[in-house]
Amino acid sequence: MGSNADSTDSLPTPVTTAGREGLDAILGRPGRAVIALDFDGTLAPIVPDPEQARAHPGAVPALAALAPKVASVAVVTGRPAGVAVRHGGFAGVPGLEHLVVLGHYGAERWDAVSGTVNAPAPHPGVAAVRAELPGFLDEIGAWQGTWIEEKGRAVAVHTRRAADPQAAFETLRGPLTELAARHGLIVEPGRMVLELRPPGVDKGVALTEYVRETGAEAVLYAGDDLGDLPAFAAVDKLRSDGVPGLLVCSGSSEVAELAERADLVVEGPAGVVALLTALADRIV
């Protein structure tokens, strides 16, 4: 398990050999390194209403300081790309002219260069689930304290407001998995949220394709949630293929599995910002 890093400007040392090799590669060849980050819980604090989520005040300045010194910075998120850009405040920022946001787990892509989102046609199963979900939740007695988030290419059910959020999460997981399967979708579990979305895309696929596209020779990935595990697995695979990588967990007691697999654990978005700032300061 990665040790905690404090929120000072000093650059923390990863606790694993692979993590130290990843950090050394990023520092040694920054122009060949990709810095990839989740949004909610990593760049933005988790809040009860996702519509109120905003990037940590230091996130954009830290990214803007680091981005010109590395090959690329990418935000990889389950949110629609345009929503992440808006909530992150990423558009029109000096230093972030080449930022890329891979939204809906890579199904959408926003490039700062063009300022536009590119995406395929929506999966028809999402519209079918969207129409069925309110009655479905009511029928199984799970309406109280749960709520539905419309995500365009996906739909999510949150349990954080329930009297017992974890119990509600576990109660809904099986039935929602069956509902998703009937419409050709899968369920992506997160922090007190179950997202019904199309199969075939995840953060691991998105990250791997982007690293290949950029020809990166080193990669950092930071995340906080179960949905980030595929990206962690992708970095492990890249390492085995000779591309050094650093895995960072934006610390959370809710997702111990991610922390245990990380090379470095930092204290939430403030810790991620401190890490990005320290990297920018270290790279000449």
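Criteria and cut-off values
Residues numbered from 1 in each chain as written. Predicted model: local features only at pLDDT ≥ 70, side-chain atom pairs only at ≥ 80, totals over all residues. Heavy atoms only, no water. Helix = DSSP H or I, 4+ residues; strand = E, 2+ residues; numbered from the N terminus. Expected span 1.5 Å × (residues − 1). Buried < 20%, exposed > 50% of the residue type's maximum accessible area, 1.4 Å probe, protein only. Contact = heavy atoms within 4.5 Å. Phe/Tyr/Trp six-rings, centres within 6.5 Å; stacked < 30°, edge-to-face > 60°. 1 Å grid on protein atoms, 1.4 Å probe; cavity = no way out; pocket = protein on both sides within 12 Å on 5 of 7 lines; lining within 4 Å. Points joined across faces, edges and corners; volume = space filled by probe spheres on them. Nonpolar A, V, L, I, M, F, W, Y, C, P; charged D, E, K, R; others polar. Core = buried A, V, L, I, M, F, W, Y, C linked by side-chain atoms within 4.5 Å.

### Thoughts on helix α7 (residues 229–240)
The periodicity of an α-helix, 3.6 residues per turn, causes residues three or four positions apart to be oriented the same way.
In step 1: Compared with the 16 Å implied by 1.5 Å per residue over twelve residues, the 17 Å span of α7 between its first and last C-alpha is a close match.
In step 2: Every buried residue of α7 is listed here: L229, A231, F232, A234, V235, L238 and R239.
In step 3: On its buried face, α7 sits against α1 (17–28), α6 (203–214), β11 (218–223), β12 (245–250) and α8 (256–261).
In step 4: Positioned one or two residues after α7, G242 has a phi angle of 95°, which is positive.

### Things to note about the packing of aromatic side chains
In step 1: Applying the stated criterion across every chain yields a total of two aromatic pairs.
In step 2: Ring centres of F39 and F90 lie 6.1 Å apart, and the angle between their planes is 85°; on these two criteria the pair is classed as edge-to-face. Residue F39 is found in the loop between β2 (33–37) and α2 (59–66), and its partner F90 is found in the loop between α3 (81–88) and β4 (100–103); the two are separated by 51 residues along the sequence.
In step 3: Given a relative accessible area of 0%, F39 falls into the buried group.
In step 4: Under the relative-accessibility criterion, F90 is labelled buried at 0%.
In step 5: Aromatic side chains Y221 and F232 sit 6.2 Å apart centroid to centroid with 85° between the ring planes, which places their arrangement in the edge-to-face category. Of this pair, Y221 sits in strand β11 while F232 sits in helix α7, and the two are eleven residues apart along the sequence.
In step 6: A residue is classified by how much of its surface remains accessible, and Y221, at 0% relative accessible area, is buried.

### A few points about the environment of E139
In step 1: Position of E139 among the secondary structure elements: in helix α4 (residues 124–139).
In step 2: The spacing of E139 and H98 is 41 residues in sequence and 47 Å in space, taken between C-alpha atoms.

### A closer look at the layout of surface pockets
In step 1: Taken as a whole, the largest pocket spans an internal volume of roughly 170 Å³.
In step 2: If you trace the largest pocket, you find 13 residues lining it, with A107, H123, R153, P198 and V201 closest to the centre.
In step 3: Of the residues assigned to the lining of the largest pocket, the class counts are eight nonpolar, two polar and three charged.

### Digging into the nonpolar core
In step 1: Membership of the largest hydrophobic core comes to 45 residues, with the highest contact counts inside it found for L43 and F90.
In step 2: Ranked by residues supplied to this core, first place goes to helix α9 (residues 268–282) with seven residues.
In step 3: Leaving out residues up to four positions away in the same chain, L43 has contacts with L37, D38, A55, H56, A59, L63, V75, F90, P269, V272 and L276.
In step 4: If you look at the next biggest cluster of nonpolar residues, it comprises 26 residues, including F232, V243, L247 and A262.

These figures come from the coordinates and say nothing about function on their own.
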